[in-house]
Amino acid sequence: MALTGLDIYKLLPKTNCGECKSPTCLAFAMRVAQKQASIDQCPHVSAESKEKLGAASAPPIQLVTIGAGDFKIAIGNETVLFRHEETFHHPAGIAVTVSDKLSEAEIGARADKIVHLIFERVGMKIAVDMACIMNDSGDPAKFAAAVKIVAQKAPVALILASDNPDSLKAALEVCADRRPLLCGANASNYQAVAALAKEKNCPVVARAKGLEALTDLTQKITAAGVKEIVLESGAEGVRQTLEDLTKARRYALRKSFRPLGYPMLTCMMGDGDSFLPVLKAAAYIAKYAGIVVTDAIEPWQLMPLLTVRQNIYTDPRKPLQVEPGVHKIGEPGSKAPLLITTNFSLTYYTVEGEVEGSKVASNILVVDTEGTSVLTAWAAEKFTTDQIAAAMNKYEVEAVASHKKVIIPGLIAVESGKLQEESGWEVIVGPKEASGIPSYLKANWGG
Ligand code: SF4
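Just so you know, these numbers come straight off a predicted model, no measurement behind them. Position labels on residues start from 1 in each chain and follow its written sequence. pLDDT decides what is reported in this predicted model: residues at 70 or higher carry local features, side-chain atom pairs at 80 or more are listed and counted, and totals for whole chains, interfaces and linings draw on all residues regardless.

## Digging into the sheet that holds strand β7 (residues 157–161)
Next up, step 1: The rule for pairing is simple: two strands pair if DSSP sees at least two bridges between them. Strands here are runs of E lasting at least two residues and helices are runs of H or I lasting at least four, both read from the DSSP assignment and numbered beginning at the N terminus. Taken in spatial order, the eight strands line up as β10-β9-β8-β7-β6-β3-β12-β11 in an open sheet, and their pairing is parallel. Both edges of this open sheet fall to β10 (229–232) and β11 (265–268), since each of them pairs with a single strand only. Pairwise comparison of adjacent strand axes, ignoring direction, gives a mean angle of 25° for this sheet.
Next up, step 2: The sheet contact formed by β7 and strand β8 (residues 181–185) spans three bridges and is parallel. Considered in β8, the bridge of Leu160 is made with Leu182. Working convention: axes come from line fits to C-alpha atoms, limited for helices to the stretch in contact. Angles between N-to-C directions cover 0 to 180 degrees.

Right under this line is the structure:
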């Protein structure tokens, strides 16, 4: 019988320390009972209590770690169906395929390309984090050779894709220390694949057509001693795939159905349309793939996919923010312009991009507006004279701008008089839109 929140509460330390991100132990117990949190999020719960909690303490979706050391990703352990209920915790892995039918040089070139699929967006690095080596040749020796090249060249987590246990065994000889994901075990090979996984302590993909067959297979694999499992339902078409992804997540979270309580893998190949896999992968990342495998490899294909993942796996309660303070663009001297903006990432990076585009070295004072944009912050009284003047003092702007002139966004021109009075600086009203910054800076500060 499922434990109630009060049953769980009795086994908690009752110190209300808040480290589990719930305000009290009781609130945390309620969230565990509703499968919205895992007991592991309380660092102080005793092993004895954990044991007593039994199934109630297990995460509704198993945490699966693929890789080792620096080449590691963790997926699963999600506790909510909808991002706005809390947040999604472990970003889906994005894997690019490498076929063992390619020549050694081609495999090396593809691995190199995967490594360079790294981009910077709103101040964060976003990158492809997995390579999926495909045993298209069916030959264990060729497969192992391809895996070796990719493992040496690409510092990413590895997926070994083969139904042939001999191929998986040969590949593990050259990369077991990287703790790859074995993809995969099916109804006919699961005993051999599970034995390999157990011996080498690797996670396994369970592959079966449909959720019913998957339920049967995961029970057999867990009975064989493998705990870290990823599901692949083999669904065809976007509709069926989304249905399987959603049903499995619902069963795991709402019904505590253990055989489907694992992250899921989906596979998208080009189908002759080079943008199609990207569109499919984006849909699956939104609901609820733990790994997407694609043969897309061009930066213009992966950048949008990584952007989707970044957006979905941010905390919806916390807007992306940059560090408040003075940010230098180029090498500004003491006569360089000083612009002011908010710490909402999209606002800041738009301003920063336009300032860079102007080629006028500048300082930007970023005011902490709790991640809100200029007009929103101003309307909420987080970007008015008091906050701006306080930030000018706190970050000692006189040390970077000897001219004692500050440029505020045109949208808050109404603050200029009061700010001038309060700060004693000359307040210049800048452009209303960031796109006006380059021409403004060139015309007024370019000399
Ligand atoms: S971390 Fe543990 S002890 Fe602290 S409030 Fe949460 S449940 Fe209570």
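## Points about the site of the ligand
Next up, step 1: Taken together, 13 residues lie around the ligand, and Cys17, Glu19, Cys20, Cys25 and Cys42 are the ones closest in.
Next up, step 2: The residue classification treats Ala, Val, Leu, Ile, Met, Phe, Trp, Tyr, Cys and Pro as nonpolar and Asp, Glu, Lys and Arg as charged. All others, Gly included, are polar. The residue makeup of the shell around the ligand, split by class, is seven nonpolar, five polar and one charged. All residues are tested the same way: a C-beta atom is placed from the backbone, and lying within 6 Å of a molecule or strand makes the residue near it.

## Here we look at the domain arrangement of the protein chain
Many structure descriptions define interface size as the accessible area lost when the parts assemble.
Next up, step 1: All domain edges in this entry derive from an automatic or database-based domain assignment. Each assigned domain of the protein chain is listed with its residue range as follows: domain 1 (5–57), domain 2 (63–312) and domain 3 (325–445).
Next up, step 2: Distance from the C-alpha centre of domain 2 to the C-alpha centre of domain 3: 45 Å.

## A few points about the pairing of strand β5 (residues 124–127)
Next up, step 1: Relative to β5, strand β4 (residues 118–121) runs antiparallel, the two sharing four bridges. The residue bridging Ile118 from the neighbouring strand is Ala127, located in β5.
Next up, step 2: Counted between consecutive antiparallel strands, the loop separating β4 from β5 contains two residues, among which Val122 sits at a positive phi close to 40°.

## Some details on unusual backbone geometry
Next up, step 1: Following Cys183, the chain continues to Gly184 via a peptide bond in cis, the omega torsion being 10°.
Next up, step 2: Residue position: Gly184 is located in strand β8.
Next up, step 3: Residue Lys287 is joined to Tyr288 through a cis peptide bond whose omega torsion reads -20°.
Next up, step 4: Relative to the elements of secondary structure, Tyr288 occurs in the loop between α10 (276–286) and β12 (291–294).
Next up, step 5: At Arg179, a position not held by glycine, the phi torsion is positive, near 45°.

## Quick look at helix α6 (residues 165–175)
Next up, step 1: The exposure scheme places C-beta atoms from the backbone and then counts, for each residue, the other C-beta atoms within 10 Å of its own, assigning buried at 20 or more, exposed at 12 or fewer, and partly exposed in between. For α6, the complete set of buried residues consists of Ser167, Leu168, Lys169, Ala170, Ala171, Leu172 and Cys175.
Next up, step 2: Residues are treated as contacting if the C-beta atoms built from their backbones sit within 7 Å of each other. Looking at the packing, one finds that the buried side of α6 touches α5 (140–153), β7, β8 and α7 (190–200).

## Details of the nonpolar core
Next up, step 1: Counting residues in each nonpolar core, the largest one holds 85 residues, and the members touching the most others are Met130, Ala131, Ile133, Val150, Leu182, Val204 and Val292.
Next up, step 2: By residue number, the principal contributor to this core is α5, which donates seven residues.
Next up, step 3: Those residues in contact with Met130 that lie beyond four places of it in its chain are Ile73, Gly93, Ile94, Ala95, Val156, Ala157, Ile159 and Ile291.
Next up, step 4: Counting 34 residues, the second-largest nonpolar core is a separate cluster that includes Tyr348, Val366, Val367 and Val406. Under the definition applied here, buried Ala, Val, Leu, Ile, Met, Phe, Trp, Tyr and Cys residues are grouped into a nonpolar core through C-beta atoms within 7 Å.

## Brief notes about α7
Next up, step 1: For α7, the set of buried residues is Tyr190, Val193, Ala194, Leu196 and Ala197. One face of α7 carries all of its buried residues, which in axial projection span an arc of 160°.
Next up, step 2: In this fold, the buried residues of α7 make contact with α6, β8, β9 (204–207) and α8 (211–223).
Next up, step 3: Just downstream of α7, Asn201 is the residue with a positive phi angle, here 55°. The arc in question is traced by the directions running from the helix axis to the C-beta atoms.

## A word on the packing of helix α9 (residues 238–254) against α10
Next up, step 1: In the contact formed by α9 and α10, the axes pass within 10 Å of each other and the chain directions differ by 20°. By the criterion of interaxial angle, the relationship of α9 to α10 is roughly parallel. Once α9 is placed against α10, the crossing between them reads as right-handed. Contact residues: Val238, Thr241, Leu242 and Leu245 in α9; Lys280, Ala283 and Tyr284 in α10. To sort the angles, those under 35 degrees are grouped as roughly parallel, those over 145 as roughly antiparallel, those from 65 to 115 as roughly perpendicular, and the leftovers as oblique. For any helix crossing, the convention is left-handed if the near helix is rotated counterclockwise from the far helix by under a right angle, and right-handed if that rotation is clockwise.

## Let's talk about the environment of Pro431
Next up, step 1: Tracing the sequence through the fold places Pro431 in the loop between β17 (426–429) and α16 (437–445).
Next up, step 2: Sequence separation between Pro431 and Ala176 is 255 residues, and the spatial gap between their C-alpha atoms is 58 Å.
Next up, step 3: Once residues within four sequence positions are removed from consideration, Pro431 is found in contact with Gly410, Gly436, Ile437 and Tyr440.

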